[in-house]
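# Analysis of the macromolecular model
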Amino acid sequence: SQQGEEDPQALSIQEGENATMNCSYKTSINNLQWYRQNSGRGLVHLILIRSNEREKHSGRLRVTLDTSKKSSSLLITASRAADTASYFCATDHNNAGNMLTFGGGTRLMVKP
Amino acid sequence: DAGVIQSPRHEVTEMGQEVTLRCKPISGHNSLFWYRQTMMRGLELLIYFNNNVPIDDSGMPEDRFSAKMPNASFSTLKIQPSEPRDSAVYFCASSPGLPSYEQYFGPGTRLTVT
């Protein structure tokens, strides 16, 4: 069963706007990761946030984690057409070794 | 580093035939994962290995699926016999493990079973 569930399933915005995607999960985690998948390609790791962190930045990406609500958000600022892709959250459960559980993904379309 | 290498990139086969997918993980990574991705079911973990040993194969759908990792640089996923519902994109990923368990994905094998 999928641990993380992304919301929304699809998002369409104009270039230059910000895109926010949310992820909810059910059980305790060690860390939460976000991945990106371009059409026809494998997933690419974007950013990792540990369970004791609340916010993390990487370039135009900002990730927040609220362990009390078991949720995370990924914000892409000043979006570009090249950001068009699917974005997945993945959770690393406690005591699950190095297995990740991926959510269903958010399909982001950035219109030029 | 060439990243995770998968072959073939595309495979079209007839129902009942044996299919073998191959993966070469990134050198030095001690974990390897096989995933299947479809529109209907999303990304599903099939099996993963730590130090060449299968750890969790609960995602393998049926006995028709088997996976091996004879050494640290090579793994196979075999489907025998194949069925149309096995049509999907199969990804292999590897991970260096601690401390972050970040996974590096290959380009995938698109399997079509007719």
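So, how was this worked out
Sequence positions are assigned chain by chain, starting from 1 and proceeding in written order. Chains and ligands are labelled by the order in which they are written, letters from A for the one and numbers from 1 for the other. Reporting of local features is limited, given that this is a predicted model, to residues whose pLDDT is at least 70; pairs of side-chain atoms are given and counted only at 80 or more, and all residues count toward the totals for whole chains, interfaces and linings. Excluding hydrogens and water, the side-chain figures rest on all heavy atoms present in the structure. Secondary structure elements are taken from DSSP: a helix is a run of H or I of four residues or more, a strand is a run of E of two residues or more, and numbering for both begins at the N terminus. Both definitions apply: the radius of gyration is a C-alpha atom measure, and the globule rule equals 2.2 Å times residues to the power 0.38. Here the term buried applies to any residue with accessible area under 20% of the maximum for its type, exposed to any over 50%, and partly exposed to those in between, with areas from a 1.4 Å probe on protein chains only. The contact definition used throughout considers only heavy atoms, calling two residues in contact when any of these lie within 4.5 Å. Methods summary: accessible areas were calculated by the Shrake-Rupley approach with a probe of 1.4 Å, and residue burial reflects only the protein chains presented. The convention is simple: Lys and Arg are positive, Asp and Glu are negative, and His and the chain ends are not counted. Note on charges: their place is set at NZ of Lys, CZ of Arg, CG of Asp or CD of Glu. A carboxyl oxygen of Asp or Glu within 4 Å of a side-chain nitrogen of Lys or Arg is what we treat as a salt bridge. Two parts placed together each lose some accessible area under a 1.4 Å probe, and adding up what both lose gives the buried area. Throughout this description, a polar contact denotes any pair of N or O atoms lying within 3.5 Å of each other; where both atoms belong to protein, one of them has to be capable of donating a hydrogen while the other can accept it, and for residues adjacent in sequence the pair is counted only when both atoms sit in side chains. The classification used treats Ala, Val, Leu, Ile, Met, Phe, Trp, Tyr, Cys and Pro as nonpolar, Asp, Glu, Lys and Arg as charged, and all other residues, Gly among them, as polar. Here a strand pair is declared whenever DSSP counts at least two bridges between the two strands. Angular values range over 0 to 180 degrees, each being the angle between N-to-C directions of two axes fitted as lines to C-alpha atoms, with helices fitted over their stretch in contact.

Okay, the overall build of chain B next. Helices and strands together make up the secondary structure of chain B, namely zero helices and 11 strands. Its C-alpha atoms give chain B a radius of gyration of 13 Å, near enough to 13 Å, the size a compact globule of 114 residues would have. Once the C-alpha set of chain B is aligned to its principal axes, its extents read approximately 40 × 25 × 25 Å. Expressed as a percentage of the 114 residues in chain B, the buried residues total 48%. Across chain B, the fraction of contacts at a sequence separation of at least 24, relative to all contacts at a separation of at least 6, is 53%. Total accessible area on chain B stands at roughly 5600 Å², and carbon and sulfur atoms take up 51% of it. For chain B, the separation between the mean place of its 10 positive charges and that of its 12 negative charges on side chains is 3 Å.

Another aspect to go through is the pattern of salt bridges. Residue and element names in this part refer to chain B. Across all of its chains, the model carries 12 salt bridges over all chains by this definition. E44 is paired through a salt bridge with R36; the nearest N and O atoms lie 3.2 Å apart. Between E83 and R64 there is a salt bridge, with its nearest N and O atoms 3.5 Å apart. Separated by 19 residues along the polypeptide, E83 in the loop between β8 (74-79) and β9 (88-95) and R64 in the loop between β6 (53-56) and β7 (65-71) bring together distant segments of the chain. Beyond isolated ion pairs, a larger network of salt bridges with shared partners links E62, R64, E83, R85 and D86.

Taken together, the contact between chain B and chain A spans 22 residues of the former and 20 residues of the latter. On the chain B side of the interface with chain A, the three residues burying the most area are L43, Y101 and F105 of chain B, jointly 32% of the side's total. Counting across the interface, chain B meets chain A through three residue pairs in polar contact (both at pLDDT 80 or more). Sorting the residues of the side of chain B that touches chain A by element identifies β4 (31-38) and β5 (42-50) of chain B as the ones contributing at least two each. With five residues, the single largest contributor to the side of chain B that touches chain A is β5 of chain B. For the side of chain B that touches chain A, a count of residues per class yields 10 nonpolar, eight polar and four charged.

Residue and element names in this part refer to chain B. Summarising the element assignment, L46 is placed in strand β5. Exposure remark for L46: the relative accessible area of 1% places this residue in the buried category. Considered as a pair, L46 and A2 are 44 residues apart in the sequence and their alpha carbons are 24 Å apart. In contact with L46, other than residues within four places in its own chain, are W34, Y35, R36, D56, D57, S58, G59, M60, P61, L77 and Y90.

Now for the sheet that holds β7 of chain B. All names here are of chain B. Across the sheet, which stays open at both edges, the four strands sit in the order β1-β3-β8-β7 with antiparallel pairing between neighbours. With one partner strand each, in any of the chains shown, β1 (5-7) and β7 form the two edges of the open sheet. Sheet twist, expressed as the average angle between the axes of neighbouring strands with direction ignored, equals 15°. Pairing of strand β3 (residues 19-24) with β8 involves five bridges; the strand directions are antiparallel. When the sheet's bridge partners are listed, L21 is paired in β8 with L77.

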